[in-house]
Structures are given as structure tokens and as C-alpha cells.
Amino acid sequence: MRRRSSNSAGWRSSTNKRRGESLRFDEFGFAFTNRREQKLHRCHDYSYPQLSSVRVKELCELLSYWNGASFICKSQIERFIRMGIPPSLRGRVWKCLLNLDGLRESSDFNYQTCLSEVRGPLVDLGVSEYGILSAIATLGDTQNDLGLDQPSSSEPSYSIDEITLFRQIALDLQRSFPTHRSLMGQSSEAIEGQAKLFRVLIAYAKYNPQVGYSQGMSYIAAVLLMQLGEEEAFWALTALLDKSKYLAELFDLSLTKVQHQVKVFDQFLKHRKAQLSKHLDSAGVLSVHFVMPWFLTLFTSLPCWDSVLAVWDLIILQGLQAVFRTALTIIELLEPRLMELNDEGTMLPLLLRVPVYVAEYTVLISALWKTEVQDWELKCMNSLVLDESHHEPETEKSENLQDTSSNVRTENKTQNVSTSGGKKTSEKDVNKPLRDQQQGLLTSWLNIVVTTAPVIMPERSLIIVFELRRVQ
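Reading the values: rules and limits
Residues numbered from 1 in each chain as written. Predicted model: local features only at pLDDT ≥ 70, side-chain atom pairs only at ≥ 80, totals over all residues. Heavy atoms only, no water. Helix = DSSP H or I, 4+ residues; strand = E, 2+ residues; numbered from the N terminus. Buried < 20%, exposed > 50% of the residue type's maximum accessible area, 1.4 Å probe, protein only. Contact = heavy atoms within 4.5 Å. Areas by Shrake-Rupley, 256 points an atom, 1.4 Å probe, with all protein chains shown as cover. Salt bridge = Lys/Arg side-chain N within 4 Å of Asp/Glu carboxyl O. Phe/Tyr/Trp six-rings, centres within 6.5 Å; stacked < 30°, edge-to-face > 60°. Lys NZ or Arg CZ within 6 Å of the ring centre and 35° of its normal. Axes fitted to C-alpha atoms, helices over the stretch in contact; angles between N-to-C directions. Parallel < 35°, antiparallel > 145°, perpendicular 65-115°, else oblique. Nonpolar A, V, L, I, M, F, W, Y, C, P; charged D, E, K, R; others polar. Expected span 1.5 Å × (residues − 1). Core = buried A, V, L, I, M, F, W, Y, C linked by side-chain atoms within 4.5 Å. pLDDT = per-residue confidence, 0-100.

Draft legend 1. Highlighting the overall build of the chain. Of regular secondary structure, the chain possesses 22 helices and 0 strands. Evaluated residue by residue, the chain yields a buried proportion of 44% over its 472 residues. Sequence-distant contacts in the chain: of pairs separated by 6 or more residues, those separated by 24 or more amount to 73%. For the chain, the accessible area works out to roughly 24,900 Å², and carbon and sulfur atoms hold 51% of it.

Have a look at this one:
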């Protein structure tokens, strides 16, 4: 029986190898596979614009004398991003915009030294970075043994936190672009690609332990590796996750930050698309159901990869604002169809698996550049969310104090219960309607300000108003 099992495994391995050799890949490295075999449909009919040789030469010249502090350089690069960055130059554009050379030179962190330190525990575990996927079970067993505090003959050079980190990254590697040639199957290219992705992610977790590793990072790092060298991809990931302009307000160990940003987007959607927002709420579709996956993976689930890269171009140019801008654009394009649907079972799949007719370059990217999202709008929505979270604990605390007071006063029980109840009712009947009225007036004021603020009120003044309201 064992021999038969071995023969069966060998047959499967050789079949997979032949299958891998017979696969065809598109220009971005994604395999042409049967649609029924893949969880996420990838469209291979790309429609991104082709720049003329003159424009390509101009872009090359711009990159050769790039100065990130120059307004002229930034305005010129935005012009090229609008026209469409050639795939062959995208890595250079991202490298310039993220200032990778400057970031690496100003840091004391050494990428290669970090990897050397990581390899020690891996060797002790009997695990290779080139076979990390096959070691998931081994890591799980070791994790359980350490959790049970089983005795060992010698002190291990690794901790349970390191084992947990290794295993979590390995698990996510399996889910990161399983149809891309750099991560698909057991070819030498895929094994090397998986090892690179593992090294970049583990190095970042060591570089910034306060953020560590969380869901979504594997997708972001994988995209960077498709455009940049390994160490460049690490520094690009560092720039994106550490700088406040980009994704620093999205990623943390507890996912608290991304949950906050989802609430901000929810307010933003109510503000921009009130009717659609009500329709989604009535169907039981919450923003967290679809916005969190969009934000954590930076829209890499979109079926048209040329559109994904164009979205990333804009995000690397503008930062977090472009993330909100892209999410709003997708919802606006889906709005006619969403308004026709009435239940979560049909609406949520449409949002999680955006159809090709919406995601294709000529539709999505064209609409994206027409969609305007102002920085002051997001700051206002953020203030509203902070204001709500600021008032909720105070309300709960007040009610708890009232309950405690009524329990402590045991003398003249009937009178005290009546007094306590009257006090509680009084606060509920007076304060809550007042807050509701204030919120209603603020919402009405916002609707007016949206169209007139750029004219009648400077951006800074508007932010001060909201900050004062939040402090109060």
C-alpha cells in the first residue's frame, strides 16, 4: 500500500510538472487557466495605452534627473501616470516616487544581516526558505509543542512568536497570486519567488515589530517583487507601510487601523452617495464586508491586471487619498447595478468580485481620473468618526455611574429608585435628542459645505471647525 501511495504521489508530481510546462502566461505573468479552476477570474485582454517612443524617451529623461523635492518633476510624473506608465519603466517610476535609495541610505537596518539572523532559527527547525510551504505542518507541530511547554534536551534558538510568524507567512504565501508564474506550482522560478516573498515579509516583521506581519501584506509585497528587485521590494514595502502619506494608517497587528479607516470610508460614502449608502444598509451590506479586503490588498483582486497597476501608480503618487478615490470610483461604477439588487447574497459578491466590464482599463482608470476626492473631506470624515468614538464611552460611563449610584443608595429604597430613575430618564430625554439634533444640523451643514467649501472656506479653517467640535 505504501508503494502504491508513493507511485501515486510521483504520478501527481510528474503530472503537475508536465502541466506547468504546458501552461501559457500572459504579458504580466498570469497563467491562462480554465475559469472553473480558479477562485478569482483573471482577464487577459488588456487595454492599457501604449506610449509613443517620443513619450517613452521623455519619461526616461525625467527619471534620469529625478528630484523628489521638485514640483516640476512631480507634476511631470503625474502627467505620465495619466497617460499610462509603460510596464518596462514602472519599477523605475515607483523607485523614484518612493525614494528607495534615500530610505536605504538613511537607515541603520541591513537587509542581508537580518536574513542571516533569521536563517539560524530556520536551520534549527529543519526548515528551508526554499521549502517553506512544505514545512507548514512541521511549523504547526513545533508551535503546539512550545505552547505545551514540552521539555527539550537543549534550549531552542527560536521562540513561539517566531514559529507563529513563520507559519502565518507560509500559510499566506499559498494564497498570494496562485496563478502567477513567480509563485505558481513547484517550478524553479516559483520556488525562488516564494522564497523571496517569505524573506521580504519576515525581514519587514523584524524591521518594524510594532507593525509586524498582518493580513494583506503578502499581496502588497508580491506586487512589489513583480516590479522590483528583492531588496528594493523590501524598502518599497517599508516606505508604503511606514510613511503616513501611504498605508501607515491601514496596517497594525490588531487590524484596528484598517477598521477605523473603513468607518471613515463609511462616513465618506454616506456623505457622497447617501441614497446608495442607505440602500446597502437596508440590504445588510456593511462597508467592512467589502472595503476591508479592498484596502488590505490594495485592489489586487480586480480581474484586469493593467488596471490594478494603474491604480497602484496613482496610490504611490498620491498615497492613502488615492485608496479612497479608487474605492469610491468602483462603487460609483457599480451603483446602477447595485440599486437594482435588494439582498446581501447578490450585492456582496458583486462588490467582492468586481466584474470585468467595470474593472477594465478604459472604464475604471478613465473614471478614476474624473473622480475627485479632497484631502479636507477625508479629514472631516475622520473627525466625525473620532467624535462618535469619543462620545460613546462617555455615554456608557455615565450610565454605569448612575447604575452604581442607585445600587449604593439602599436606604429609603423606593424613593431612591424613583429618584435614580427620574435622573436617568431626564438625561436620556434631554441629552440624547440634543446630540441627535446637533448631528442632524452638522450633516445638513456638511451637505452644503461640500459644494461651497472650496470657494467660501479655506481648507485649514474647515479642519479647525471639526477639530474644535471633536475636542468639545
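Draft legend 2. Layout of the pattern of salt bridges. One pass over the full model with this rule turns up 18 salt bridges. Asp172 is the salt-bridge partner of Arg175, the closest N and O atoms lying 2.3 Å from each other. Placement of both Arg175 and Asp172 in helix α8 (residues 160-175) is noted, with a separation of 3 residues, approximately one turn of the helix. A salt bridge links Glu189 to Arg181; the nearest nitrogen and oxygen atoms lie 3.3 Å apart.

Draft legend 3. Quick peek at the packing of aromatic side chains. Under the counting rule described, the total for this entry stands at 23 aromatic pairs. A ring pair is formed by Phe265 and Phe324, whose centres lie 6.0 Å apart and whose planes are at 45 degrees; its orientation type is tilted. Taken together, the residues span a long stretch of sequence, with Phe265 in helix α12 (residues 256-272) and Phe324 in helix α16 (residues 320-340) at a distance of 59 residues. Across the pair, Phe324 and Phe265 agree in class, each one buried. By the ring-pair criterion, three or more aromatic residues cluster together here, those being Phe109, Tyr111, Tyr204, Tyr207, Phe234 and Trp235. Here Arg42 stacks its cationic end above the ring of Phe30, 4.8 Å away from the centre of that ring. Arg181 extends its terminal NZ or CZ atom over the ring of Phe25, reaching a point 4.5 Å from the ring centre.

Draft legend 4. The arrangement of unusual backbone geometry in detail. One non-glycine residue with positive phi stands out, namely Phe177, at about 50 degrees. Looking at the element boundaries, Phe177 is found in the loop between α8 and α9 (188-207). Of note in the backbone geometry, Phe299 takes a positive phi value of approximately 65 degrees without being a glycine. Tracing the backbone shows Phe299 in the loop between α14 (287-297) and α15 (305-318).

Draft legend 5. Structural view of the packing of α12 against helix α13 (residues 274-282). In the contact formed by α12 and α13, the axes pass within 5 Å of each other and the chain directions differ by 125 degrees. Between α12 and α13, the angle falls in the class oblique. Here Leu269, Lys270 and Arg272 of α12 lie close against α13, whose contacting residues are Ala274, Ser277, Leu280 and Asp281. A per-class count over the contact of α12 with α13 returns 3 nonpolar, 1 polar and 3 charged.

Draft legend 6. Examining helix α11 (residues 230-242) more closely. Look at α11: 18 Å from first C-alpha to last across 13 residues, which is about the 18 Å you get at 1.5 Å a residue. Burial within α11 is extensive, with 10 of its 13 residues counted as buried. Turning to α11, the residues buried within the fold contact α4 (90-98), α5 (100-106), α6 (111-125), α9, α10 (217-227) and α15.

Draft legend 7. Structural view of the environment of Pro355. With respect to the element layout, Pro355 can be found in the loop between α17 (344-352) and α18 (356-359). A relative accessible area of 16% means that Pro355 is categorised as buried. Taking C-alpha positions, Pro355 is 8.1 Å from Leu302, a pair spaced 53 residues apart along the chain.

Draft legend 8. Fine view of the nonpolar core. Core analysis: the largest hydrophobic core is formed by 134 residues, its most contacted members being Leu224, Leu247, Trp294, Phe295 and Phe299. Residues within four places of Phe299 in sequence aside, it is in contact with Trp294, Val308, Val311, Ile315, Val323, Thr326, Ala327 and Ile330.

Draft legend 9. Inspection of the packing of α14 against α17 at higher detail. Relative orientation of the contacting elements α14 and α17 amounts to 10 degrees, with a least axis distance of 9 Å. Judged by the angle between their axes, α14 and α17 are roughly parallel. Contacts between α14 and α17 involve His289, Phe290, Pro293 and Trp294 on the former and, on the latter, Glu344, Leu348, Leu351 and Leu352.

Draft legend 10. Just the environment of Ile160, in detail. Of note, Ile160 is situated in helix α8. A relative accessible area of 34% means that Ile160 is categorised as partly exposed. In this structure, the C-alpha to C-alpha distance between Ile160 and Leu139, residues 21 residues apart in sequence, is 9.9 Å.

Draft legend 11. Looking closely at the confidence of the model for the chain. Mean pLDDT over the chain: 81, with 73% of residues reaching 70 or higher. Low pLDDT, under 50, characterises residues 1-20; the predicted model gives this stretch 1 contact beyond four residues in sequence or across chains. Under a pLDDT of 50 for its full length, residues 441-472 has, in the predicted model, 40 contacts with residues more than four places off or in other chains.

Draft legend 12. Main features of the side chain of Ser277. With respect to the helices, strands and loops of the structure, Ser277 is situated in helix α13. Beyond its immediate chain neighbours, meaning those up to four positions away, Ser277 contacts Leu269 and Lys270.

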